[in-house]
Amino acid sequence: VKAAQSGKPLSSSVDYGASKRLAEESLEAVCAASSMELVIVRPALVYDTGAPGHLAWLRRWVDLHLPAPPRGGARSMVSRPDLVALLCALLAPAAAPQRMTLTDGEAYTTRRLHAAFCRSRARFPRLPSPPEALWRAACDTVDWLRRHPAGSSWQRLTGSELHAQGGLAEVGFRPCFTFERLLGLT
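Here's what I pulled together on the structure shown here. The written sequence of each chain sets the order in which its residues are numbered from 1. Reporting in this predicted model follows two pLDDT cut-offs: at least 70 for local features of residues, and 80 or more for side-chain atom pairs to be given and counted; totals over whole chains, interfaces and linings ignore these cut-offs and use all residues. Where side-chain values are given, they derive from all heavy atoms of the structure, hydrogens and water being excluded.

Considering the side chain of Asp82
Part 1: Numbering of helices and strands runs from the N terminus, with a helix taken as a DSSP run of H or I at least four residues long and a strand as a DSSP run of E at least two residues long. Following the sequence through the fold, Asp82 ends up in helix H4 (residues 80–89).
Part 2: With no salt bridge to any partner, buried Asp82 finds its closest opposite charge in Arg181, at an N-O distance of 6.9 Å.
Part 3: At 2.9 Å, the side chain of Asp82 forms a polar contact with the backbone nitrogen of Cys176.
Part 4: Aside from chain neighbours lying at most four places away, what touches Asp82 is Leu102, Phe173, Pro175, Cys176 and Phe177. Buried, partly exposed and exposed residues are distinguished by accessible area as a fraction of the type maximum, computed with a 1.4 Å probe on protein chains only: under 20%, between the cut-offs, and over 50%, respectively. Positive charges are assigned to Lys and Arg, negative charges to Asp and Glu, while His and the chain termini are left out of the count. Definition used for salt bridges: Asp or Glu carboxyl oxygen within 4 Å of a side-chain nitrogen of Lys or Arg. Pairs of N or O atoms within 3.5 Å make up the polar contacts considered here, provided that, within protein, one atom can donate a hydrogen while the other can accept it, and that residues adjacent in sequence are counted only when both atoms are side-chain atoms. Should any heavy atoms of two residues lie within 4.5 Å, those residues are counted as being in contact.

Looking at the packing of aromatic side chains
Part 1: Ring pairs shown here join Phe, Tyr and Trp side chains whose ring centres sit within 6.5 Å, with only the six-membered ring taken for Trp; geometry is labelled stacked below 30 degrees between planes, edge-to-face above 60, and tilted in between. Throughout the structure, instances matching the rule amount to 6 aromatic pairs.
Part 2: Judged by centre distance (6.1 Å) and plane angle (70°), the ring pair of Tyr47 and Tyr108 falls under edge-to-face. In this pair, Tyr47 sits in strand S2 (residues 45–47) while Tyr108 sits in the loop between strand S4 (99–102) and helix H5 (110–121), placing the two residues 61 residues apart along the sequence. Judged on exposure class, the residue Tyr47 and its partner Tyr108 are both buried.
Part 3: A centroid spacing of 6.2 Å and a plane angle of 70° characterise the contact between Tyr108 and Phe179, whose relative ring orientation is edge-to-face. Of this pair, Tyr108 sits in the loop between S4 and H5 while Phe179 sits in helix H8 (residues 179–182); the two residues are 71 residues apart in sequence, bridging distant segments of the chain.

Here it is in C-alpha cells:
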C-alpha cells in the first residue's frame, strides 16, 4: 500500500481489501479538493439468475442431481436489480451517507442456495449428503491437486462472510429481493 501511495505500481502481494481501501482514500482526497460529492457503495456478493462463479458451479451441481453441500458458513449477498436500484436512487440529489454497505439482509449458506436451485429447477439430489469427514477429505484432495493451501476449499465451501447493512435507511432504500424471490420461488 505504501508503494502505491508513493506512486509506485502495486505488487501482486497487495490484497483485495487493501487495494479497495487505497482506492477509497484516493477518491476521498480528490473529492476533498473539489466540490464533487463522494458516496462509496460497498455491495456484498452480487447475484442474479445467471451469475457466474460459485453460483454457476452450484447450478451445474444441482443439474447433475448431486447431494446437498455440507452445513455451515453463510454469506451476505445482494441481487443485481437491488444494486442497480440503489445506484439509480443515488442519482437524485439528496444527502447520502459517505459510505453504504448493501446486502439484502439475509445469510446464505451453500446448502440454502443449493435447496433454492433444486426447487427452481425441479432437480433434486439422488443421494443424501455425505458426512462432514468425507466432504473435508474431498476438499483436502482438491487443495492438494490444485496446490492450494490445505483447508482453503473447505473454507470457501463452509466459511462465513457476513456484513451488516449500512447507510440505506438514510436514503430511504430497502432491498426488494432475496435469492429465492429472484428465482421466482416466493
